[in-house]
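Here are the chains, one letter per residue:
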Amino acid sequence: MLLSEILAFLSRVLFQGILRPRIRAFSTDFRSAPTPTASSSAFAQSMANFDADSVTYLKQRDAAEIDETLMGPLGFSVDQLMELAGLSVATSISEVYKPSEYSRVLTICGPGNNGGDGLVAARHLHHFGYKPFVCYPKRTPKPLYAGLVTQLEALSIPFFSVEELPSDLSNGFDVVIDAMFGFSFHGSPRPPFDDLIQRLVSLHNNNNQIGQKRSVIVSVDIPSGWHVEEGDVDGTGIKPDMLVSLTAPKLGAKKFGGPHHFLGGRFVPPAIAEKYKLILPPYPGTSMCVRIGKPPRIDISALRENYISPEFLEEQVEADPFNQFHKWFNDALAAGLKEPNAMSLSTVGKDGKPSSRMVLLKGLDKEGFVWYTNYESQKARELSENPRASLLFYWDGLNRQVRVEGPVQKVSDEESEQYFHSRPRGSQIGAIVSKQSTVVPGRHVLYQEYKELEEKYSDGSLIPKPKNWGGYRLTPQLFEFWQGQKSRLHDRLQYTPHEINGQRLWKVDRLAP
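Note that the structure is predicted; figures quoted are calculated from it, not measured. (Residues numbered from 1 in each chain as written. Predicted model: local features only at pLDDT ≥ 70, side-chain atom pairs only at ≥ 80, totals over all residues. Heavy atoms only, no water.)

### Observations concerning unusual backbone geometry
Threshold: Where helices and strands are cited, they refer to DSSP runs of H or I of at least four residues and of E of at least two residues respectively, numbered from the N terminus.
In this structure, Pro-192 follows Pro-191 across a cis peptide bond, with omega equal to 0°. With respect to the helices and strands, the residue Pro-192 is situated in the loop between strand E4 (175-179) and helix H7 (193-205). Residues other than glycine seldom take positive phi values, yet Arg-266 does so here, at roughly 50°. Relative to the assigned elements, Arg-266 resides in the loop between strand E7 (260-264) and helix H8 (270-275). Despite not being glycine, Lys-277 shows a phi value in the positive range, around 50°. Relative to the elements of secondary structure, Lys-277 occurs in the loop between H8 and strand E8 (289-291).

### A look at the UniProt feature "binding site: K(+)" (unreviewed entry) in the protein
Rules: UniProt positions are given in the numbering used here, feature names are shortened, and annotations may be inferred rather than shown by experiment. When checking whether two residues touch, look at their non-hydrogen atoms; a contact exists if any pair is within 4.5 Å. Contacts described as polar in this section are N or O atom pairs within 3.5 Å, which, within protein, must combine one atom able to donate a hydrogen with one able to accept it, while residues neighboring in sequence count only if both atoms come from side chains. Partly exposed describes any residue whose relative accessible area lies between the buried limit of under 20% and the exposed limit of over 50%, with all areas from a 1.4 Å probe on protein chains only and scaled to the type maximum.
Taken from the UniProt record, the annotation "binding site: K(+)" (unreviewed entry) applies to Asn-114, Asp-178 and Ser-224. A stretch of 111 residues holds the annotated residues, and the largest C-alpha distance among them is 9.8 Å, short enough that they meet in one place. Checked against the element boundaries, Asn-114 lands in helix H5 (residues 113-127). Those residues in contact with Asn-114 that lie beyond four places of it in its chain are Asp-178, Ala-179, Met-180, Phe-181, Gly-182, Val-220 and Asp-221. Within polar-contact distance, the side chain of Asn-114 engages the backbone nitrogen of Met-180 at 3.3 Å. Along the chain, the position of Ser-224 falls in the loop between strand E5 (216-220) and strand E6 (242-246). On the accessibility criterion, Ser-224 (1% relative accessible area) is buried. Residues within four places of Ser-224 in sequence aside, it is in contact with Asp-178, Met-180, Phe-181, Ile-197 and Ile-238.

### Re the pairing of strand E15 (residues 469-474)
Stated formally: Between any two strands, pairing holds if DSSP finds at least two bridges.
Buried residues dominate E15, accounting for six of its six residues. Here strand E14 (residues 400-410) runs beside E15; their pairing, made up of three bridges, is antiparallel. The partner of Val-408 across the bridge, within E15, is Leu-474.

### With respect to the nonpolar core
This is how it is decided: Each nonpolar core is a collection of buried residues, namely Ala, Val, Leu, Ile, Met, Phe, Trp, Tyr and Cys, held together in the definition by side-chain atoms within 4.5 Å.
If you look at the biggest cluster of nonpolar residues, it comprises 30 residues, and the most contacted ones within it are Phe-325, Phe-369, Trp-371, Leu-391 and Phe-393. Counting residues per element, this core draws most heavily on helix H9 (residues 321-334), which supplies five residues. The contact partners of Phe-325, leaving out residues within four places of it in the chain, are Leu-361, Leu-364, Phe-369, Phe-393, Trp-395, Val-402 and Phe-481. The next biggest cluster of nonpolar side chains, apart from the first, holds 24 residues, and it includes Ala-63, Leu-84, Phe-183 and Leu-278.

### Some thoughts on the sheet that holds E7
Here is the rule: For helices, the axis comes from a line fit to the C-alpha atoms of the stretch in contact; other axes are also lines fit to C-alpha atoms, and the angle between any two N-to-C directions lies between 0 and 180 degrees.
One open sheet holds the eight strands; their spatial order is E3-E2-E1-E4-E5-E6-E7-E8, and the pairing between them is mixed. Because the sheet does not close on itself, it has two edges, and the strands there are strand E3 (159-160) and E8. When strand E2 (residues 131-135) meets E3, the two strands line up parallel, connected through two bridges. Each residue of the ladder has a partner; that of Cys-135, found in E3, is Phe-160. Lying over the sheet, helix H4 (residues 78-96) contacts E4, E5, E6, E7 and E8, oriented at roughly 150° with respect to E6.

### Considerations on H5
Every α-helical turn comprises 3.6 residues, leaving residues that sit three or four positions apart pointing alike. Threshold: Expected helix span is computed as 1.5 Å times (number of residues minus one).
Counted at 1.5 Å a residue, the expected span for H5 with its 15 residues is 21 Å, and the 22 Å between its end C-alpha atoms agrees. Most of H5 sits out of view: 12 of its 15 residues are buried. Residues of H5 that are buried: Asn-114, Gly-115, Gly-116, Asp-117, Gly-118, Leu-119, Val-120, Ala-121, Ala-122, Arg-123, His-124 and Leu-125. Of the residues one or two after H5, Gly-129 is the one with positive phi, at around 105°.

### A few points about the packing of H4 against helix H6 (residues 143-154)
Filter applied, for reference: Each crossing gets its hand from how the near helix is turned against the far one by less than a right angle, where anticlockwise is left-handed and clockwise is right-handed. Only Asp, Glu, Lys and Arg are considered charged, only Ala, Val, Leu, Ile, Met, Phe, Trp, Tyr, Cys and Pro nonpolar, and every remaining residue, Gly among them, polar.
Interaxial distance between H4 and H6 falls to 11 Å at its minimum, and their mutual angle equals 35°. Handedness of the crossing formed by H4 with H6: right-handed. Residues Val-78, Asp-79 and Met-82 of H4 form the contact with H6, whose participating residues are Leu-144, Tyr-145 and Leu-148. Residues belonging to the contact of H4 with H6 are distributed by class as follows: five nonpolar, no polar and one charged.

### Concerning the environment of Lys-239
Position of Lys-239 among the secondary structure elements: in the loop between E5 and E6. As a C-alpha pair, Lys-239 and Val-216 span 23 residues in sequence and 9.9 Å in three-dimensional space. Within the structure, Lys-239 has its side chain in polar contact with the backbone oxygen of Gly-235 (distance 2.7 Å).

### A look at the pattern of salt bridges
Rule in force here: Each salt bridge in this description consists of a side-chain nitrogen of Lys or Arg and a carboxyl oxygen of Asp or Glu lying within 4 Å of one another.
According to the stated counting rule, one finds 20 salt bridges in the structure shown. When the shortest N-O distance is used, the salt bridge between Lys-366 and Asp-320 registers 2.8 Å. Of this pair, Lys-366 sits in the loop between strand E11 (363-365) and strand E12 (368-374) while Asp-320 is found in the loop between E8 and H9, placing the two residues 46 residues apart along the sequence. Take Asp-320: its relative accessible area is 21%, and that puts it in the partly exposed class. A salt bridge links Arg-473 to Asp-365, with the nearest nitrogen and oxygen atoms 3.8 Å apart. Here the residue Arg-473 occupies a position in strand E15, and Asp-365 occupies one in strand E11, the gap between them amounting to 108 residues. With a relative accessible area of 12%, Arg-473 lands in the buried category.

### Some remarks on the packing of H5 against H6
Here is the rule we go by: Any angle that is under 35 degrees is reported as roughly parallel, and any over 145 degrees as roughly antiparallel; angles of 65 to 115 degrees are reported as roughly perpendicular and all others as oblique.
Between H5 and H6, the least distance of the axes is 10 Å, while the angle of their chain directions is 25°. Relative to H6, the element H5 lies roughly parallel. Where H5 crosses over H6, the handedness of that crossing is left-handed. Contact with H5, carried on its side by Asn-113, Gly-116, Leu-119, Val-120, Ala-122 and Arg-123, involves Tyr-145, Leu-148, Val-149, Gln-151 and Leu-152 of H6 and no other residues of that element. Taken together, the residues that form the contact of H5 with H6 break down as seven nonpolar, three polar and one charged.

Pasting the structure below:
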């Protein structure tokens, strides 16, 4: 299928509203369902109102009839549905299993449409930054499937035979996609798929081996070998970690006990939803997948990250901590991290109670770190009572943090004035409207005052800086640079000032992690 045809199809369904599922749990009018352009807050409200237990599960016959209707009077082609299904599988995987930790993905494809979904998913995962591999032992000679294989070969995605796969798939892959058999499959799996299914069963059975990270299993629409309506009948089948149901979950998916169940496709038109009385969750924003049911329960005590980073050694650091900070800050910028200038500001008032909040670094020179705020805010009151503070920068993508401590004083009014008028006019008006940290009766009060000031200065005239707004500068007396390492043996290098022959220098000490 040509890319132009896919784009034209997606554009058509987005603007004609065909992607909106019927949400009967809180409305009998299909038009009230969230649209693909709904805001994140609207989606959150929709999900809050949605009864997850009311999701419709399809019988095999109904699932088949829906497919026939989609590819008949509703004008879909099998390649269009396959493209959307495969994209849904890939986006579901990217929601949970990030390529930084789960990069090697093996897709095992069957001879039918389920296998085609897997081939499409492999292509999208390649573009998402994963390293896909494909096992496609019974290739379908139809042009559609041959074209999908050609697309993968053009991306240099390796194809493995069954014999080339390791007996224990965990030895070579982080994720295994089960795209062998869909809801239309009947009978018992025949070679080589019976053996492949047993390898996936073995992955789950080997889960308790100490020190071994096993591959996670993602099944497409229905776990291969399961009964479409009765599920894993004798309890000896594949037990996937993720199930990506397509169109609507099949009845057998009620027996799915894994942590991640997603719905994908987003191609159910109102006519289908009405005829089969489908109750489906709203999709977030432009996403092709949505989680079904409640998120898995997480053991907070078991959450941990084993950091892998270059060593941070004393002989490699800058003698001046300001230079070292600039070096790390530039690394955060180059890595494309979101708001690398975000920092936690901690203050303590006369009552001895600490408080912290996120602010943005807006200036840095040899004198210190500068940020701006309302001089009548809580942080400002605490700084007037105790003019000392600490800053913390955390750059997750680089496994780094920097802590800075020292005395704080206001910047000059001229410096505050200059920065104030460099801000967008909307931010200038917002600074006037917000009596920071004071109680307001509602957002409408802020909005009304903002609109009045916006109208007042609509002629482009200078917006005066509030007298109670300006900057602070923290002058560092301590720096600590932290680099996450394996087994919690983190690198921590601390800079403290000292004088030698009347010259102010910085001493570097390594701290125990």
